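# Geometric and topological summary
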Amino acid sequence: MQNIIITGGAGFIGSHVVRLFVNKYPQYKIINLDKLTYAGNLANLKDIENKPNYKFVRMDICYFDGVYKLMQDEKVDGIIHLAAESHVDRSIKDPFTFAQTNVMGTLSLLQAAKLYWENLPEKFDGKRFYHISTDEVYGALEMTHPEGIKPPFTTKASSGEHHLAYGEKFFTEDLKYQPHSPYSAAKASSDHFVRAFHDTYGLPTVVTNCSNNYGPYQFPEKLIPLFINNIRHRKPLPVYGKGENVRDWLYVEDHARAIDLIFHKGTIAETYNIGGFNEWKNIDIIKVVINTVDRLLGRKEGEDMNLITYVTDRAGHDMRYAIDSSKLQRELGWEPSLQFEEGIEKTVKWYLENQAWMDNITSGEYEKYYEEMYKNR
Ligand code: NAD
Ligand code: TYD
């Protein structure tokens, strides 16, 4: 594998994947294809932008002719596709953009890869189209136990191992898709197109569905960076509903390592779920974040708890996400490297030490968006 396009490389997860590949594989040419929407930020890649094996191309994945030409010009062997509209709240306000980018954009990339590769002498040999998706396509899990035991309790994953969880069931790869938000519906649709291109044309695809990521360079509209920044400025922390919803959190560099492994060793046409069996109720995670920010800023630990503000719930708010990553652990030997407490400490430290990065993206347009988003809650 020589020449690889990574789409969405200027975003949160994409920038970690680009960094990992550029540093680890000097023999590869890494082409970061990104439209630079509000979520794309080249400052996320400052440390590798001058490396000889890295190239940035500003392009919309929906622009089929451009993508097709780029594949020919750069003799592309592999695509790692992360570009997407990724925020559920935005998808509730503007579902069209989500269908356009996530569905039509993915289709444009699939068609370009198919046309370019099938006309090469070696055809699909040694080629790979890797689509990054989310656990949200599976819908929401319940928080129940047959004997009425209060969560969290210990329950069995498909590997037979026991994990602390907020419900009995986990998302496994064979589960039916039941997306609820326009975001997850658009991601689910794109996953179906990827599989259809394998089944119909033999395109060498692989799909992964990952749990919530956290870590450096995440746009501060998502829970953890938004709250870190608000605590720093002593602004209210808008907790949706009762704060009882459960998410499964994975440190972003662990996701990037899984992507590296699956890109190189994953079986064609397979799906792998990625997650660290790390479920948290929103309100509990928020308290950990408040304590950590307070401590690292030299404030009295917990002194900012009064910023917690319960607001109207998100429409269609999924109750619980929980990934069963037994298949990935069993077949490819992946496991998360960081305990959550360590990951959160590292993350909060990074945001506090990189306030210029945060201040840059939270000026101007961002303020308007934030006011609009929360004015009716
Ligand atoms: P992000 O919103 O931080 O970044 C998205 C990137 O895609 C940005 O750089 C943006 O400029 C680019 N982009 C958007 N529309 C584009 C277009 N039309 N053409 C080209 N580039 C475009 O997203 P993220 O959180 O890094 O997520 C990356 C991928 O991982 C997404 O596909 C998302 O569905 C998936 N995912 C995210 C999470 C998570 O917790 N963030 C979890 C599981 C899966
Ligand atoms: P988010 O980071 O938007 O990720 P996702 O919706 O993809 O899981 O939200 C994580 C959880 O935090 C989710 O249950 C919604 C909740 N949340 C809040 O309570 N307040 C907020 O301001 C945000 C952004 C999210």
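Residues numbered from 1 in each chain as written. Chains lettered and ligands numbered in written order. Predicted model: local features only at pLDDT ≥ 70, side-chain atom pairs only at ≥ 80, totals over all residues. Heavy atoms only, no water.

Counting 40 residues, the largest nonpolar core has Ile228, Leu237 and Ile286 as its most contacted members. Secondary structure elements with two or more residues in this core: helix 6 (223-232), strand 10 (237-240), strand 11 (246-251), helix 8 (282-296), strand 14 (308-311), helix 10 (340-353), helix 11 (355-361) and helix 12 (365-375). Each residue touching isoleucine 228, except ones within four places of it in the same chain, is listed here: Val289, Val293, Thr347, Val348, Tyr351 and Leu352. Of all hydrophobic cores here, the second largest spans 28 residues; its members include Ile48, Leu82, Leu250 and Ala258. (Core = buried A, V, L, I, M, F, W, Y, C linked by side-chain atoms within 4.5 Å. Buried < 20%, exposed > 50% of the residue type's maximum accessible area, 1.4 Å probe, protein only. Helix = DSSP H or I, 4+ residues; strand = E, 2+ residues; numbered from the N terminus. Contact = heavy atoms within 4.5 Å.)

As a further point, take the environment of phenylalanine 171. For phenylalanine 171, the location among the structural elements is in the loop between strand 7 (162-165) and helix 5 (182-201). Looking at phenylalanine 171, the relative accessible area reads 0%, which means it is buried. C-alpha separation for the pair phenylalanine 171 and isoleucine 80, spaced 91 residues apart in sequence, amounts to 23 Å.

The immediate surroundings of ligand 2 are formed by 19 residues, with Glu136, Pro238, Arg247, Arg314 and His317 found nearest. Contact between ligand 2 and leucine 223: an oxygen atom at 2.9 Å from a main-chain N or O atom of the residue. Histidine 317 places a polar side-chain atom, nitrogen or oxygen, 2.7 Å from an oxygen atom of ligand 2. In isolation ligand 2 has 510 Å² of accessible area, and contact with the protein removes 97% of it. If you list the elements that add at least two residues to the shell around ligand 2, you get helix 6 and strand 10. (Near = heavy atom within 4 Å. Polar contact = N/O pair within 3.5 Å; in protein donor to acceptor, adjacent residues only side chain to side chain. Areas by Shrake-Rupley, 256 points an atom, 1.4 Å probe, with all protein chains shown as cover.)

So, about the site of ligand 1. Looking at ligand 1, there are 28 residues lining it, with Ile13, Asp34, Ser86, Tyr183 and Lys187 nearest. In this structure, an oxygen atom belonging to ligand 1 sits 3.0 Å away from a main-chain N or O atom of phenylalanine 12. Within the side chain of aspartate 60, one N or O atom sits 2.9 Å away from a nitrogen atom of ligand 1. Contact with the protein chains covers 97% of the free accessible surface of ligand 1, which is 840 Å². At the level of secondary structure, the elements contributing two or more residues to the shell around ligand 1 comprise helix 1 (12-24), strand 5 (128-134), helix 5 and strand 9 (212-214).

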